[in-house]
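Understanding the architecture of this molecule
Read off the chains here:
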Amino acid sequence: MAARAGVGRGTVSRVINGSPRVSDATRAAVEAAVAELGYVPNTAARALAANRTDAIALVVPEPETRFFSEPYFSSILRGVGAELADTEMQLLLIFAGSDRERQRLAQYLAAHRVDGVLLVSVHADDPLPDLLTQLEIPAVISGPRSAAESLASVDSDNYGGARSAVEHLLSRGRSRVAHITGRLDVYGAQRRVDGYRDALRGAALEVDERLIEPGDFTEEGGRRAMTELLRRRPDLDAVFCGSDVTAAGARQVLREAGRTIPGDVALVGYDDSAIARHMDPPLTSVRQPIVEMGRAMIDLLFTEIADRRTAAARGLQRHQAVLATQLVERKSS
């Protein structure tokens, strides 16, 4: 091809790889030779030469059953897939919910078979982020583990979303607002508790610890927590739940106890998933831009990959992105 275009092999390579250091006339000659010879770039060879794999991994340290039962994960995956659609990158979905799966993942990552990793649903004590740091694999985490997160991260405004939900309930005349939390080893769930507490304090209301019950983002967790809250505080008049799935479980217990929604107890969820729209009555919920979060994770990962290849960029502060939430009011409150 170089002979057909009348240039050297290095010039052909620069044209194919989009380098700006080529004149328009030379670029036209090479492109004409490409078209005439029907050349198709060998992406595998190019990736190998550039020390790339052209693959990224979406790692979920949860059981597969949870991944396929909670809308949050499918929305993240949809955003990631949409952002990768016009690239040559391959996406690998890897579950690491068991010790055996984690061991296999550690071996796989140590072989540097991916260019970067997306981590979703990471708990505070999870060793995976530290492993990625040790292996110097670019990574983005969905939701930081703490305020001092060392990895690049994408999150929604958990504090602001929770506060707006509770302020909404207070504005409707509710004064005994309970909160079923998410898993409290997840930083986002901790921030929602902070938002709940500050909304009450902002209204000059005392925070009653008996109205806070730990959950785990699941429907069964919502049922268990709601049962305990009714036992401790049967006079509660509103519940803010850590997820829509949790709210579905809480609603079931409230109805079994003869409580009407929203007449006796107002109910608010989190995520604004399809569950919220199809619940009876439709559920007021805090909308997280989850699909957009998936897209943002890919954008940020590409930045991390580019930075990691620049030696001078090592040690720089990792990028953090926080997306706004929105309260969507429906008939449950």
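Residues numbered from 1 in each chain as written. Predicted model: local features only at pLDDT ≥ 70, side-chain atom pairs only at ≥ 80, totals over all residues. Heavy atoms only, no water.

On to the overall build of the protein, then. The helix and strand inventory of the protein stands at 14 helices and 12 strands. Within the protein, the fraction of its 333 residues that count as buried is 49%. Taking as baseline every contact in the protein between residues at least 6 positions apart, the subset at least 24 positions apart corresponds to 71%. Total accessible area on the protein stands at roughly 15600 Å², and carbon and sulfur atoms take up 50% of it. (Helix = DSSP H or I, 4+ residues; strand = E, 2+ residues; numbered from the N terminus. Buried < 20%, exposed > 50% of the residue type's maximum accessible area, 1.4 Å probe, protein only. Contact = heavy atoms within 4.5 Å. Areas by Shrake-Rupley, 256 points an atom, 1.4 Å probe, with all protein chains shown as cover.)

We now examine helix H14 (residues 290-308). Between its first and last C-alpha atoms H14 spans 26 Å; for 19 residues at 1.5 Å apiece the expected length is 27 Å, and the two agree. Those residues of H14 not exposed but buried are Ile-290, Met-293, Gly-294, Ala-296, Met-297, Ile-298, Leu-300, Leu-301, Glu-304, Ile-305 and Arg-308. (Expected span 1.5 Å × (residues − 1).)

Viewed as axis vectors pointing N to C, helix H9 (residues 158-171) and helix H10 (residues 187-202) meet at an angle of 40°, and their least axial separation amounts to 7 Å. The two elements H9 and H10 meet at a crossing, and its hand is right-handed. For the pair formed by H9 and H10, the contact residues are Asn-158, Tyr-159, Ala-162, Arg-163, Val-166, Glu-167 and Leu-170 on the first element and Gly-188, Arg-191, Arg-192, Asp-194, Gly-195, Tyr-196, Asp-198, Ala-199, Leu-200 and Gly-202 on the second. In the contact of H9 with H10, the residues fall into seven nonpolar, four polar and six charged. (Axes fitted to C-alpha atoms, helices over the stretch in contact; angles between N-to-C directions. Left-handed = near helix turned anticlockwise from the far one by under 90°. Nonpolar A, V, L, I, M, F, W, Y, C, P; charged D, E, K, R; others polar.)

Residue position: Asp-244 is located in helix H12 (residues 244-256). Of the side chains with opposite charge, Arg-330 lies nearest to the buried Asp-244, which makes no salt bridge, at 6.4 Å. The residues contacting Asp-244, other than those within four sequence positions of it, are Gly-269, Tyr-270, Asp-271, Asp-272, Ser-273, Ile-275, Ala-276, Met-279, Leu-283 and Ser-285. (Lys, Arg positive; Asp, Glu negative; His and termini not counted. Salt bridge = Lys/Arg side-chain N within 4 Å of Asp/Glu carboxyl O.)

Evaluation of the coordinates by the stated rule reveals six aromatic pairs. Geometrically, the ring pair formed by Phe-67 and Phe-95 is edge-to-face, given 5.2 Å between the ring centres and 80° between the ring planes. Separated by 28 residues along the polypeptide, Phe-67 in helix H5 (residues 64-69) and Phe-95 in strand S2 (residues 90-95) bring together distant segments of the chain. A residue is classified by how much of its surface remains accessible, and Phe-67, at 5% relative accessible area, is buried. Overall, Phe-95 belongs to the buried group, its relative accessible area being 14%. For the pair Phe-68 and Phe-95, a centre-to-centre distance of 6.0 Å together with 50° between the ring planes defines the contact as tilted. A residue pair is termed long-range when its members are at least 10 positions apart, and Phe-68 in helix H5 and Phe-95 in strand S2 qualify at 27 residues. (Phe/Tyr/Trp six-rings, centres within 6.5 Å; stacked < 30°, edge-to-face > 60°.)

What follows covers the pattern of salt bridges. Tallied over the full model, the rule gives 25 salt bridges. The closest approach of N and O atoms between Arg-223 and Glu-219, which form a salt bridge, is 3.3 Å. One end of the pair, Arg-223, and the other, Glu-219, are both in helix H11 (residues 219-232), four residues apart, so they sit about a helical turn from each other. Residue class for Glu-219 comes out partly exposed when judged on its relative accessible area of 35%.

With the exception of glycine, most residues fall at negative phi, and the peptide bonds are largely trans. Note that the residue after Ile-261, namely Pro-262, is joined by a cis bond; omega there is 10°. Looking at the secondary structure, you find Pro-262 in the loop between H12 and strand S9 (266-271). Looking along the chain, the bond that leaves Asp-280 and enters Pro-281 is cis, with omega of -5°. One non-glycine residue, Asp-271, lies in the positive phi region at around 120°.

Quick look at the sheet that holds strand S1 (residues 55-60) now. In a beta sheet, neighbouring strands are held together by backbone hydrogen bonds and run either parallel or antiparallel to one another. The strand order S2-S1-S3-S4-S5-S11 describes an open sheet built from six strands, whose pairing is parallel. Both edges of this open sheet fall to S2 and strand S11 (320-323), since each of them pairs with a single strand only. Across this sheet, the average inter-strand angle for adjacent strands is 15°, counted without regard to direction. Bridge analysis of strand S4 (residues 139-142) against strand S5 (residues 152-156) gives three bridges, and the strand direction is parallel. Paired with Ile-141 across the strands is Ser-153, a residue of S5. (Pairing = 2+ DSSP bridges.)

When pLDDT is averaged across the protein, the result is 86; 83% of the residues are at 70 or more. When the criterion is pLDDT under 50, residues 42-50 qualifies, and its contacts beyond four places in sequence or with other chains add up to eight contacts. (pLDDT = per-residue confidence, 0-100.)

Another aspect to go through is the nonpolar core. If you look at the biggest cluster of nonpolar residues, it comprises 38 residues, and the most contacted ones within it are Ile-180, Met-226, Leu-236, Val-239, Phe-240 and Leu-267. Among the elements of the structure, H9, strand S6 (177-180), H10, H11, strand S8 (238-241), H12 and S9 are those that each provide at least two residues to this core. Judged by nonpolar contacts, the second largest core, of 25 residues, contains Leu-58, Phe-67, Leu-118 and Met-293. (Core = buried A, V, L, I, M, F, W, Y, C linked by side-chain atoms within 4.5 Å.)

End to end, helix H6 (residues 71-84) covers 20 Å across 14 residues, agreeing with the expected 20 Å (1.5 Å per residue, within 8%). Of all the residues in H6, the buried ones are Tyr-72, Phe-73, Ser-75, Ile-76, Gly-79, Val-80 and Leu-84. Looking at the buried positions of H6, the neighbouring elements they touch are S1, H5, S2, strand S3 (116-120), S4 and H14.

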